[in-house]
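# Chain and residue survey
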Amino acid sequence: MLLGLLVLHAVLAVVAVPLGRRLGRGVFALCALAPGAMVLVGALKAPQILGGSPVTETVTWAPALGLAVDLRLDAFSLIMVGLVSGIGVLVFAYSAWYFSPRPDLARFAGTLLGFSGAMLGLVLSDNLLVLYVFWELTSITSYLLIGFDDRKGSARASALQALLITSGGGLVMLAGFVLLGLEADTFSLSGLLADPPGGTLAAAGAFLVLGGAFTKSAQVPFHTWLPGAMVAPTPVSVYLHSATMVKAGVYLIARLAPVFAVLAGWRPLLLAVGVATMLVGGYRALRQCDLKLLLAFGTVSQLGFMVTLFGVGTPAAVHAGVVLLVAHAAFKGTLFLLVGVIDHQAHSRDLRHLSGLGRRMPVTAALATAAAVSMAGLPPLFGFIAKEEAFAAFLEGELGMLGAAGLVGVAAGSVLTVAYTARFLWGAFATKRGIARRDLVGPAVPRPVPAFVAPAAVLAIFGLVTGIVPWIIDGLLAAGARALGVAAEAGDLALWHGPTPELGLSVIAVAVGLGLFAARGRVERLQARVPDLPSANGAYRNAIAGLNRVADRVTGVLQNGSLPTYLSVILGTTILLPLPALLSLGAVPAPDTLAESPVQIAVAIGITALALGVVRARRRFPAVLLLGGVGYGVAVLFVLQGAPDLALTQLLIETLLLVVFVLVLRHLPERFTEAHWPLGEALRRVLAGAVGVFVTAFILIAGAAREAPSVAAFYLQRALPEAEGRNVVNVILVDFRGIDTFGEITVLVIAALGVAGLVRVCRQERQEPVGVEPEPAVQEGSGPEPSGQVRPAVGPGGPDGSDGPDGLGGEAGRRRPAVAGDPPPGLKWGEH
């Protein structure tokens, strides 16, 4: 059933593209069927799962290698399924109203559904290697979604940044998985957690896994890709960057922390990274004037909060982390959805230009206020309960001084959360004075249709209801914490626990946070006076620029356009790498038999004569014919040895190559050019002779080194009874070694696509007239701007000068001198 639902996601993602051309925006309803089906299955299986019986499925792929697709739906996975598929249904419904009709909607919907399936597979996987596959699929689909408007340089650059950071962390995580799996003698996630391995290698593997989790969940210093990803359409920001993908790292930490928290350095590392991320994200959110970017940095801060709770691994902290995980998805999903509504209706997200939207859009303002209050941790919303649980976890005293440090960091982060929450509500909905009439956006904004706001209303109402009556979700969250291996009982969640220390901390955080917002003018001036410090975005820029410089130099030396040079490097490497091993074997053994018949000797002499003719030829066409003759001579040897199938293959290949050579000769000079370097011809001869001697010696040594019986007998005996084939060579290619053949076919297909792409680009360059400007990129939202209204220049970089998606700062940001690695004038990052 679980595997079938994953297949359903994949199938609908593929068929959505052709069907979407007819369905228009209705393609989102089609794509919503898959996550809707997953929600239904989760609801039907919930009683069994909450009773302590997970749903498991295993599909054996290669039993001899121990490869299987293991899926497991326990209580914590059920919570994640609710977030992935439940919010997925809402996002697809929202997208149908967010986008105007455009030809690429089907591609967007299919890619978004593909991401949904990949994320679902990630949280259901019970095999570390399968989990890694889905992990990378989320990175790839995220890359495609962030760069959806691929005519914008900022979108391409942001997509590439997200892909490089998250996939780089994924490779580190894969190394950790391999170490853990080998040490535990199993790649089953549940088996590994039930009987965790010990030792240095296992500890190293656990910390390597954290590298992937940190990059995926945007932890300092890998957090820069998440604000940059805000260049994507708002449905992407809602789904990937607030509710699902960014929580993949948190999910992995939550799984591992209760077991590996006892490792030396685990808790200090997770606590330091989580608190630093919470503070950096909150501080940066106070600087933003773009509402979407403000929420992005707020998401970074909240992800740090979750990593802090799950990372320490105590039962109370893990339970609080589960509560916060759900609360954050509800309030942040609501806010992102509503920012998309504002952007769609007002064509601006710049809080310096928005004014009066609270009166013009009262329903939107009310829903945003409910979600923002939950984000700030105020009653009676569910976010308040989550924050109280977090404070209580650190007040237990189980962690000693480490817990005290964590409590101070979380309290400081909560202060910043209240401050940027107030900034968001004021910036989006307040009536502001002193805005020039030409810059004012708000009084004439059309109100959204109810269906456009409905998905946000569902999440906002969820946060309110679960805050007032938390017992309706208490059992699920407690079961989720128990699935992580900690003791948790239902009945702990309540809106009022009396006058407790954690309530006092909440009051202090709210008061100080509102004070920071009231003094926002002074805070902004103070931030402006802070000197520029080295930033993670700057480090990424410099790393990419340095990598490009090194690549340019290496390419200039090794890829100089000379085919003889390329061939010389390949052949020289072929000789030098195995040469030490061959020399260590001593003398080359003499062959037992030079030839089995005089005919073979005659054919060999003919082949040698043709090869000498190729070397002596001065014209290309005769050389090609002679080279083809060498190949045909080898085919004759195959026939003499009783291998007609190999001979036929050789004949076909030689004929095809001969035709290709003849076609290419039209574009080459008639005669070969002489080597300009006096030693060039001599070096070529030496290399050619060395290759011949090496190959001969290699064949003789390899033939004499056989100790085990030939594998040929195995294939001859089993080809017919097991593979039902009489042609043993064909059976080997398509059955016994079918995966190898599939890999070779894949390489050829990729190479063919690359060649076809290069040919197409060359044709377009020849056909395009000079001086034609490209069409402007389609803007996010509902289409063209209203007549006479200019959209303020805000983007993911924000008008306040914060780092933008291309890592070069906002539209109105601080100017800086050009540095090495910057793109040429007029060219943006990602366009070269």
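This is a predicted model, so every value here is computed, not measured. (Residues numbered from 1 in each chain as written. Predicted model: local features only at pLDDT ≥ 70, side-chain atom pairs only at ≥ 80, totals over all residues. Heavy atoms only, no water.)

## What to know about the overall build of the chain
A count of helices and strands for the chain gives 33 helices and two strands. Counting across all 832 residues of the chain, residues that qualify as buried make up 47%. For the chain, restricting intrachain contacts to residue pairs at least 6 apart in sequence, the fraction spanning at least 24 positions comes to 77%. Split by element, the accessible area of the chain, about 39900 Å² in all, is 67% carbon and sulfur. (Helix = DSSP H or I, 4+ residues; strand = E, 2+ residues; numbered from the N terminus. Buried < 20%, exposed > 50% of the residue type's maximum accessible area, 1.4 Å probe, protein only. Contact = heavy atoms within 4.5 Å. Areas by Shrake-Rupley, 256 points an atom, 1.4 Å probe, with all protein chains shown as cover.)

## Some remarks on the side chain of Thr466
Here Thr466 is to be found in helix 20 (residues 450-468). Within polar-contact distance, the side chain of Thr466 engages the backbone oxygen of Gly463 at 3.4 Å. Those residues in contact with Thr466 that sit more than four places away from it in its chain are Phe382, Ile385, Ile472 and Ile473. (Polar contact = N/O pair within 3.5 Å; in protein donor to acceptor, adjacent residues only side chain to side chain.)

## Structural notes on the packing of aromatic side chains
Counted under the stated rule, the structure contains 17 aromatic pairs. Geometrically, the ring pair formed by Phe28 and Phe99 is stacked, given 6.1 Å between the ring centres and 5 degrees between the ring planes. Residue Phe28 is found in helix 2 (residues 27-31), and its partner Phe99 is found in the loop between helix 4 (75-98) and helix 5 (105-124); the two are separated by 71 residues along the sequence. By relative accessible area, which is 1% here, Phe28 ends up buried. Their ring planes at 35 degrees and their centres at 5.9 Å tell us that Phe694 and Phe698 sit as a pair that is tilted. One end of the pair is Phe694 and the other is Phe698, both in helix 30 (residues 678-704) and four residues apart, which spans about a single turn. On the basis of relative accessibility, which here comes to 10%, the residue Phe694 falls in the buried class. (Phe/Tyr/Trp six-rings, centres within 6.5 Å; stacked < 30°, edge-to-face > 60°.)

## Quick word on the confidence of the model for the chain
Per-residue confidence for the chain gives a mean pLDDT of 85; residues scoring 70 or more make up 89%. Segment residues 771-832: pLDDT under 50, and 133 contacts once partners within four positions in sequence are set aside and those in other chains are kept. (pLDDT = per-residue confidence, 0-100.)

## Some points on the pattern of salt bridges
Taken as a whole and judged by the stated rule, the model has eleven salt bridges. A salt bridge links Arg102 to Asp104, with the shortest nitrogen-to-oxygen separation between them at 2.8 Å. One exposure class covers both Arg102 and Asp104, and it is buried. Via salt bridges that share partners, Arg72, Asp74 and Arg255 belong to a single interconnected network. (Salt bridge = Lys/Arg side-chain N within 4 Å of Asp/Glu carboxyl O.)

## Section: the nonpolar core
Among the nonpolar cores identified, the biggest contains 183 residues, and Trp225, Ile253, Trp266, Phe382 and Leu477 are the most heavily contacted of them. Sort the elements by how many residues they give to this core and helix 15 (residues 315-346) lands first, with 19 residues. Excluding residues within four positions of it along the chain, Trp266 makes contact with Ala206, Phe207, Leu210, Leu256, Ala257, Phe260, Ala261 and Gly311. Counting residues in hydrophobic clusters, the runner-up holds five residues, among them Ile575, Leu582, Val691 and Ile701. (Core = buried A, V, L, I, M, F, W, Y, C linked by side-chain atoms within 4.5 Å.)

## Some details on a nonpolar patch on the surface
Together, Val133, Leu137, Ile140, Tyr143, Leu144, Leu160 and Leu164 give the surface a local cluster of nonpolar side chains, amounting to about 560 Å² of exposed area. When contributions to the nonpolar patch are tallied by element, the ones reaching two or more residues are helix 6 (128-146) and helix 7 (153-184). Counting residues per element, the nonpolar patch draws most heavily on helix 6, at five residues. Position of Tyr143 among the secondary structure elements: in helix 6. For Tyr143, a relative accessible area of 32% corresponds to the partly exposed category. (Patch = residues over 30% accessible without salt bridge, like charges linked within 9 Å, V, L, I, M, F, W, Y side chains within 5 Å.)

## Focus: helix 20
Given a rise of 1.5 Å per residue, 19 residues ought to cover 27 Å, and the 25 Å separating the end C-alpha atoms of helix 20 matches this to within 8%. The complete set of buried residues in helix 20 reads Phe452, Val453, Pro455, Ala456, Ala457, Leu459, Ala460, Gly463, Thr466 and Gly467. In the core, the buried residues of helix 20 are packed alongside helix 4, helix 15, helix 17 (362-376), helix 18 (382-395) and helix 21 (471-483). (Expected span 1.5 Å × (residues − 1).)

## Focus on unusual backbone geometry
Cis geometry is found at the peptide bond from Val220 to Pro221, where omega equals 5 degrees. With respect to the element layout, Pro221 can be found in the loop between helix 9 (200-216) and helix 10 (225-228). One non-glycine residue, Asp185, lies in the positive phi region at around 60 degrees. Residue placement: Asp185 occurs in the loop between helix 7 and helix 8 (189-194). Even without a glycine there, the phi angle at His347 is positive, about 60 degrees. Relative to the elements of secondary structure, His347 occurs in the loop between helix 15 and helix 16 (357-360).

## Regarding the packing of helix 7 against helix 24 (residues 536-558)
Closest axis-to-axis distance for the helix 7/helix 24 pair is 12 Å, and the angle between their directions is 90 degrees. By the angle between their directions, the pair helix 7 and helix 24 is classed as roughly perpendicular. For the pair helix 7 and helix 24, contact is made by Leu160, Gln161, Leu164 and Ile165 and by Asn537, Tyr540 and Ile544, respectively. Along the lines of polarity and charge, the residues of the contact of helix 7 with helix 24 split into five nonpolar, two polar and no charged. (Axes fitted to C-alpha atoms, helices over the stretch in contact; angles between N-to-C directions. Parallel < 35°, antiparallel > 145°, perpendicular 65-115°, else oblique. Nonpolar A, V, L, I, M, F, W, Y, C, P; charged D, E, K, R; others polar.)

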